[in-house]
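In case you want the letters, here they are:
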Amino acid sequence: MAANGNANGEFSFGTGIARNGLTKIQTHKKENGICHDDSAPPVKAQTIDELHSLQKKKSAPTTPIKGTQGAFAPISEEERHQQQLQSISASLASLTRETGPKLVKGDPARKAETPKHVPHHHFTPTFNVSDSALKFTHVLYNLSPGELYEQAIKYEKGSFITSTGALATLSGAKTGRSPRDKRVVRDETTEDDLWWGKGSPNIEMDEHTFLVNRERAVDYLNSLDKVFVNDQFLNWDPENRIKVRIVSARAYHSLFMHNMCIRPTPEELENFGTPDFTIYNAGQFPCNRYTHYMTSSTSIDLNLGRREMVILGTQYAGEMKKGLFSVMHFLMPKRQILSLHSGCNMGKDGDVALFFGLSGTGKTTLSTDHNRYLIGDDEHCWSDNGVSNIEGGCYAKCIDLSREKEPDIWNAIKFGTVLENVVFDEHTREVDYSAKSVTENTRASYPIEYIPNAKIPCVGPHPKNVILLACDAFGVLPPVSKLSLAQTMYHFISGYTALVAGTEEGVKEPQATFSACFGAAFIMLHPTKYAAMLAEKMQKQGATGWLVNTGWSGGRYGSGSRIKLPYTRKIIDAIHSGSLLTANYKRTEVFGLDIPTEVEGVPSEILDPVNTWSDKKAYQDTLLKLGGLFKKNFETFTNYKIGKDNKLTEEILAAGPNF
Ligand SMILES: Nc1ncnc2c1ncn2[C@@H]1O[C@H](COP(=O)(O)OP(=O)(O)O)[C@@H](O)[C@H]1O
Ligand SMILES: C=C(OP(=O)(O)O)C(=O)O
Ligand SMILES: [Ca+2]
Ligand SMILES: [Mn+2]
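Let me begin by describing the structure that accompanies this report. Not measured: the values here are computed from a predicted model.

## Focus: the site of ligand 1
Argument step 1. G360, K363, T365, E406 and I563 are the nearest of the 16 residues found near ligand 1.
Argument step 2. G360 places a main-chain nitrogen or oxygen 2.7 Å from an oxygen atom of ligand 1.
Argument step 3. Here ligand 1 loses 90% of its free accessible area of 570 Å² to cover by the protein chains.
Argument step 4. Secondary structure elements with two or more residues in the shell around ligand 1: α9 (363-367) and α13 (565-577).

Pasting the structure below:
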């Protein structure tokens, strides 16, 4: 699996113009001093068309021709091709007409590839009841980044190449996720297992409504000349790898998923077979408000029984990645594997750290650390064998991105990277990362190997440190606290942060929010199920929990300021090195947190937030206010037992603020 996704040349311009034998035209000085430009050998083409045909070299067949020996009778390339189209046609089948579309591979703009007659595809439907059955849908299957760039630039308004080679694109009206429009089918499969009701992200829908939306999406996709299909993997743990198929209408979506999921090798693609899960992304097309349950024109629908997800009315690409994350939050715990909304990296000595936190708290920024190996920035699994990244790429916020503070992310923004909703100079195409005119939630999506010290394959041993990130807009949580196991569970279940503007629609200012397991929008089971697994794993592996405030200091949002990133990095360094474990500690009031009195490279006075507030009364009031919010939030969890013994449950309840 080492070759996965980083197969040499996959992201290079290898078959492009420069290397492909187009002889450089040279001018030679002739004796008479006149310059002639015909002295170089002529190009091997008689016509412009022929010349252009020389530009592209035929790529190595994705289907290696195998010998005839072996236990199984080899199937021909043609047969395999037909099987693949049949599988895609079945994926796109209309359920009301019981037929799949007629498909042909390739770009419809290349007329020659469109069959002039109906070929003898044995899967061709025997009866057709709509005009769409008379046409071919072109399938652009697992295109390369270069091909996707060309599709985007030709056909998708708002696509441009930036000065560093990234593909700038617009996600349309939605520039963040729409958690209130995410629905899950409630049926026999999910009734007992899933978390329903107050606080749950799983807004219910029935199977019939799902099928109505599915038909709407499939009909929309089939009405197009072409669709993009990505067949890829999730999870670097080979025993628990999931095959996903993403059907979408935009090159932007296809390139995004190419970057975010694990990229199959040609051999793996050849043997891909039937996907375990399929996404129908018809994001340009709205859902129908007359459809039961629909409260807006956006709907993201998950059907675990059918293993399908339908997206209508939002083109924000993050819905696909986070939708699949929800699926993993259902599938993995069934196998006693904990799914984690966390970043993950590893030191030279093999010490692994997890970084939990809600959107904008620093998972991507802090797990991308030049002195450590990056395992992943956002979604992981923790099994009996250690940790594995679910994804094949990263999705970094790029508002106010600076080369100095985040050099590895800066340098990852190059050819192949999708840059969403950024603003750039119309001539130089230089991106202005400070501009928020489209949205504050500007994003870069790149394959993980664009980070120089990525750990490929993206797996590692059991974590040594579990870092909980909170961006505290109240400015009262200490920059770092060492947590007991019970405190770690209390804060994990609470999932506090200030939601930073942008990632979710309609949030313009930071506001206090609690999101169980630091990812309530993505979990499928009750939070205490994940918490119990985390407690069990941390206890068994002897991992230490930490709470790191990447938010405000010296006052709340508006009067104080955000803790400087270099200070947070120093704190994280001290956690990794083990030096913070042996520091001197004192306990804070109200939250009862153990805070170090010194951290190398960090001014000691900021370690206790009370020192940074000039108005001590305001500090005390704000501290009590936040403590009260924590208490109130935790009320919903007081009736649940966590893990097998009541002792831990009692300890967790006692580990919150005390006043
Ligand atoms: N002290 C800090 N610690 C971490 N991130 C910070 C800090 N100060 C500012 N930031 C900024 O906050 C953002 C964190 O976003 P990101 O790492 O993408 O979060 P996540 O991956 O958790 O969604 C980045 O834009 C980063 O530059
Ligand atoms: C893509 C997202 O992840 P994060 O902000 O946690 O990086 C999101 O929450 O939409
Ligand atoms: Ca995230
Ligand atoms: Mn992130």
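## Regarding the packing of aromatic side chains
Argument step 1. On inspection of all chains with the given rule, the structure shows 20 aromatic pairs.
Argument step 2. What links up through ring pairs into an aromatic cluster is the set Y490, Y496, F514, F591, F630, F634 and F637.
Argument step 3. The cationic tip of K102 hangs over the ring face of F136; the distance from NZ or CZ to the ring centre is 5.5 Å.
Argument step 4. Its end group placed over the ring of Y395, R443 keeps NZ or CZ at 4.7 Å from the ring centre.

## Looking at the sheet that holds strand β21 (residues 418-420)
Argument step 1. Here five strands make up an open sheet; going across it, the order is β5-β6-β21-β24-β20 and the pairing mixed. Because the sheet does not close on itself, it has two edges, and the strands there are β5 (160-161) and β20 (393-397).
Argument step 2. Of the pairings in the sheet, the one linking β5 to strand β6 (residues 167-169) comprises two bridges and is antiparallel in character. By the bridge assignment, F160 is partnered in β6 with A168.
Argument step 3. Sheet contacts for helix α6 (residues 251-260): β6, β20, β21 and β24 (443-447); angle to β21, the most-contacted strand, approximately 120°.

## Some words on the nonpolar core
Argument step 1. Core analysis: the biggest nonpolar cluster contains 125 residues, and I279, L419 and Y446 have the highest contact counts within it.
Argument step 2. Setting aside its immediate chain neighbours within four residues, L419 contacts T162, A166, L167, A168, T169, C398, I413, V431, Y433, R443 and A444.
Argument step 3. One finds V139, L224, M294 and V310 within the second-largest nonpolar core, a separate group that totals 25 residues.

## Comments concerning the pattern of salt bridges
Argument step 1. Applying the stated criterion across every chain yields a total of 22 salt bridges.
Argument step 2. One salt bridge connects E308 with R214, and the closest N-O pair in it is separated by 2.9 Å. In this pair, E308 is assigned in strand β13 (residues 308-312) and R214 in helix α5 (residues 207-223), connecting sequence segments 94 residues apart.
Argument step 3. Judged by relative accessible area, R214 falls into the buried class, the value being 2%.
Argument step 4. Residue R372 is joined to D351 by a salt bridge in which the shortest nitrogen-to-oxygen separation is 3.0 Å.

## Focus: the pairing of strand β18 (residues 380-383)
Looking down a regular strand, the side chains alternate between one sheet face and the other.
Argument step 1. The side-chain alternation of β18 yields two buried faces, one formed by H380 and W382 and the other by C381 and S383.
Argument step 2. Pairing geometry for strand β14 (residues 338-340) and β18, over three bridges, is antiparallel. Counted as the bridge partner of S339 is C381 from β18.

## Quick word on the state of the cysteines
Argument step 1. Summed over the entire model, instances satisfying the criterion amount to zero disulfides.
Argument step 2. Distance from the sulfur of C261, which forms no disulfide, to the nearest cysteine sulfur (C458) is 13 Å.
Argument step 3. Unpaired in this structure, C394 has its nearest cysteine sulfur neighbour in C458, at a distance of 8.2 Å.

## What about the sheet that holds strand β11 (residues 277-282)?
Argument step 1. Ordered by their spatial adjacency, nine strands build an open sheet running β3-β4-β9-β10-β11-β13-β12-β7-β8, and the pairing between neighbours is mixed. With one partner strand each, in any of the chains shown, β3 (102-105) and β8 (203-205) form the two edges of the open sheet. Averaged over all pairs of adjacent strands, the angle between their axes in this sheet comes to 25°, without regard to strand direction.
Argument step 2. With seven bridges connecting them, strand β9 (residues 226-234) and strand β10 (residues 242-248) associate as antiparallel partners. Note on β10: the bridge partner recorded for L234 is I242.
Argument step 3. Of the strands in this sheet, β3, β4 (136-141), β9, β10 and β11 are in contact with helix α2 (residues 77-91), which crosses β3 at around 135°.
Argument step 4. Relative to β13, α5 is tilted by about 65°, and along the sheet it contacts β4, β7 (182-185), β8, β9, β10, β11, β12 (299-303) and β13.

## Examining helix α3 (residues 145-155)
Argument step 1. Within α3, the full set of buried residues consists of P145, L148, Y149, Q151 and A152. Taken down its axis, α3 places every buried residue within 165° of arc, on the same side.
Argument step 2. Buried-residue contacts for α3 involve β4, β5, β6, β9 and α6.

## Notes on the coordination of the calcium ion (ligand 3)
Argument step 1. Only K322 (NZ), H341 (NE2), D378 (OD) and D378 (OD) from the protein coordinate the calcium ion (ligand 3), and they sit 2.2 to 3.1 Å from it.
Argument step 2. Around the calcium ion (ligand 3) sit six donor atoms; with metal-centred angles ranging over 44 to 153°, the donor geometry is irregular.
Argument step 3. On the primary sequence, the residues serving as donors to the calcium ion (ligand 3) are separated as K-x18-H-x36-D.
Argument step 4. Separating the calcium ion (ligand 3) from the manganese ion (ligand 4) is a gap of 4.6 Å. Pair noted here: H341 is in the loop between β14 and β15 (342-346) and D378 is in the loop between β17 (373-376) and β18, with a separation of 37 residues, a long-range link.
Argument step 5. On the basis of relative accessible area, D378 is assigned to the buried category, the value being 5%.

About the cut-offs
Residues numbered from 1 in each chain as written. Chains lettered and ligands numbered in written order. Predicted model: local features only at pLDDT ≥ 70, side-chain atom pairs only at ≥ 80, totals over all residues. Heavy atoms only, no water. Near = heavy atom within 4 Å. Polar contact = N/O pair within 3.5 Å; in protein donor to acceptor, adjacent residues only side chain to side chain. Areas by Shrake-Rupley, 256 points an atom, 1.4 Å probe, with all protein chains shown as cover. Helix = DSSP H or I, 4+ residues; strand = E, 2+ residues; numbered from the N terminus. Phe/Tyr/Trp six-rings, centres within 6.5 Å; stacked < 30°, edge-to-face > 60°. Lys NZ or Arg CZ within 6 Å of the ring centre and 35° of its normal. Pairing = 2+ DSSP bridges. Contact = heavy atoms within 4.5 Å. Axes fitted to C-alpha atoms, helices over the stretch in contact; angles between N-to-C directions. Core = buried A, V, L, I, M, F, W, Y, C linked by side-chain atoms within 4.5 Å. Buried < 20%, exposed > 50% of the residue type's maximum accessible area, 1.4 Å probe, protein only. Salt bridge = Lys/Arg side-chain N within 4 Å of Asp/Glu carboxyl O. Disulfide = S-S within 2.5 Å. Arc of directions from axis to C-beta. Donors = N, O, S within 2.8 Å, 3.2 Å for Na, K, Ca; no water. Tetrahedral: all angles 85-135°; square planar, octahedral: opposite > 155°, others 65-115°.

So, to be careful, I would describe these as geometric facts and stop short of saying anything about function.
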